[in-house]
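Breakdown of the fold
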Amino acid sequence: MFARSHSFEPRVGKVQKIFGICYLILALTGVALALYAQSMGAEPYLQYFMTVLFIVMAGKSFYIAHRVSNLIKNGVPVTAEITDITPVRGITIIRANIDVKNYGVISIEHRLAGMKVAEELNTYLAENGSTVPALLVGADTKHPRGMLTLRTVSGHLDRDSVSLLKTATKTQA
């Protein structure tokens, strides 16, 4: 039930970067409209307000994107114990546990595209055990988060992402 509270989603950083670019374009449009309104003899207070607002929103978006990229860069490779694999309406929901030193066990949730992934992952786990590679971010904070490093290619499990288990440390962060 609370698996998502400790899950980390790196796509948020990419989306925030795109939003930041859109906000900058809107801020530049606001500057252009303010100059146009001023050339027509009107007071461009609304355009100035909207420009400042979009610049603040762009700054917030770029800050979030930078923070997410730092978390990924400083993440610790660990192993996670798979607890549940559920294929639902075109996606596979994977729940796992990560044992974090000085914090305890956190439950994470990861979603992969495709329902065939569940079958392929179950086959892999039957052959190789129930541990998969994961990334632990913010291990030294009050609220550590984790993500599985599994990925799919055309709706099928990418075996290379599962074989990264050899690089993950057995000692948890």
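These lines cover the structure that appears in this document, whether it is placed above or below. (Residues numbered from 1 in each chain as written. Predicted model: local features only at pLDDT ≥ 70, side-chain atom pairs only at ≥ 80, totals over all residues. Heavy atoms only, no water.)

Concerning the overall build of the chain
Looking only at helices and strands, the chain has four helices and seven strands in total. For the chain, whose C-alpha radius of gyration is 22 Å, the value lies well above the compact-globule estimate of 16 Å for 173 residues. Dimensions of the chain along its principal axes, counting C-alpha atoms only, are 75 × 35 × 30 Å. Split into buried and exposed, the 173 residues of the chain put 36% on the buried side. Taking the intrachain contacts of the chain between residues at least 6 apart in sequence as the baseline, contacts between residues at least 24 apart amount to 64%. Of the roughly 10,500 Å² of accessible surface on the chain, 63% is carried by carbon and sulfur atoms. (Helix = DSSP H or I, 4+ residues; strand = E, 2+ residues; numbered from the N terminus. Rg over C-alpha atoms; globule rule 2.2 N^0.38 Å. Buried < 20%, exposed > 50% of the residue type's maximum accessible area, 1.4 Å probe, protein only. Contact = heavy atoms within 4.5 Å. Areas by Shrake-Rupley, 256 points an atom, 1.4 Å probe, with all protein chains shown as cover.)

Comments concerning the pattern of salt bridges
According to the stated counting rule, one finds four salt bridges in the structure shown. Between Asp84 and Arg95 there is a salt bridge, and its shortest N-O distance comes to 3.2 Å. Linking Asp84 in strand S1 (residues 76–88) with Arg95 in strand S2 (residues 91–100), this pair joins segments that are 11 residues apart in sequence. The class for Asp84 is partly exposed, based on a relative accessible area of 31%. Taking the relative accessible area as the measure of exposure, Arg95 reaches 28% and is therefore partly exposed. Between Lys116 and Glu119 there is a salt bridge; the shortest N-O distance is 3.3 Å. (Salt bridge = Lys/Arg side-chain N within 4 Å of Asp/Glu carboxyl O.)

What to know about the environment of Gln16
Among the secondary structure elements, Gln16 is positioned in helix H1 (residues 11–39). Overall, the relative accessible area of 13% leaves Gln16 in the buried class. Note: C-alpha distance between Gln16 and Ala58 (42 residues apart in sequence) is 8.8 Å. With near-sequence residues (within four places) excluded, Gln16 lies in contact with Lys60, Ser61, Ile64 and Ala65. At a separation of 3.1 Å, a polar atom in the side chain of Gln16 contacts the side chain of Ser61. (Polar contact = N/O pair within 3.5 Å; in protein donor to acceptor, adjacent residues only side chain to side chain.)

Quick notes on the sheet that holds S2
Strand pairing in a sheet relies on backbone hydrogen bonds, with the paired strands running either antiparallel or parallel. Spatially, S3-S2-S1-S4-S5 is the arrangement adopted by the five strands of the open sheet, whose pairing is antiparallel. The sheet is open, and its two edges are formed by strand S3 (104–113) and strand S5 (145–148), each paired on a single side. Taken over all neighbouring pairs, the strand axes of this sheet differ in orientation by 40° on average, direction set aside. Of the pairings in the sheet, the one linking S2 to S3 comprises 10 bridges and is antiparallel in character. Pairing of Thr92 across the sheet is with Leu112, part of S3. (Pairing = 2+ DSSP bridges. Axes fitted to C-alpha atoms, helices over the stretch in contact; angles between N-to-C directions.)

Description of a nonpolar patch on the surface
On the surface, a cluster of nonpolar side chains totalling about 370 Å² of accessible area is made up of Leu46, Phe49, Met50 and Leu53. Along the chain, Leu46 falls in helix H2 (residues 45–73). A residue is classified by how much of its surface remains accessible, and Leu46, at 58% relative accessible area, is exposed. (Patch = residues over 30% accessible without salt bridge, like charges linked within 9 Å, V, L, I, M, F, W, Y side chains within 5 Å.)

With respect to the environment of Asn122
Position of Asn122 relative to the elements: it lies in helix H3 (residues 116–128). Judged by relative accessible area, Asn122 falls into the partly exposed class, the value being 41%. It is 10.0 Å that separates the C-alpha atoms of Asn122 and Ile82, two residues lying 40 residues apart in sequence.

As for the environment of Leu157
Of note, Leu157 is situated in strand S7 (residues 156–157). Counting along the chain gives 23 residues from Leu157 to Ala134, while the straight-line C-alpha distance between them is 15 Å. Once residues lying within four places of it in the same chain are set aside, the contact partners of Leu157 are Val117, Glu120, Leu121, Arg151 and Val162.

Functional significance is not addressed by these values, which are geometric in nature.
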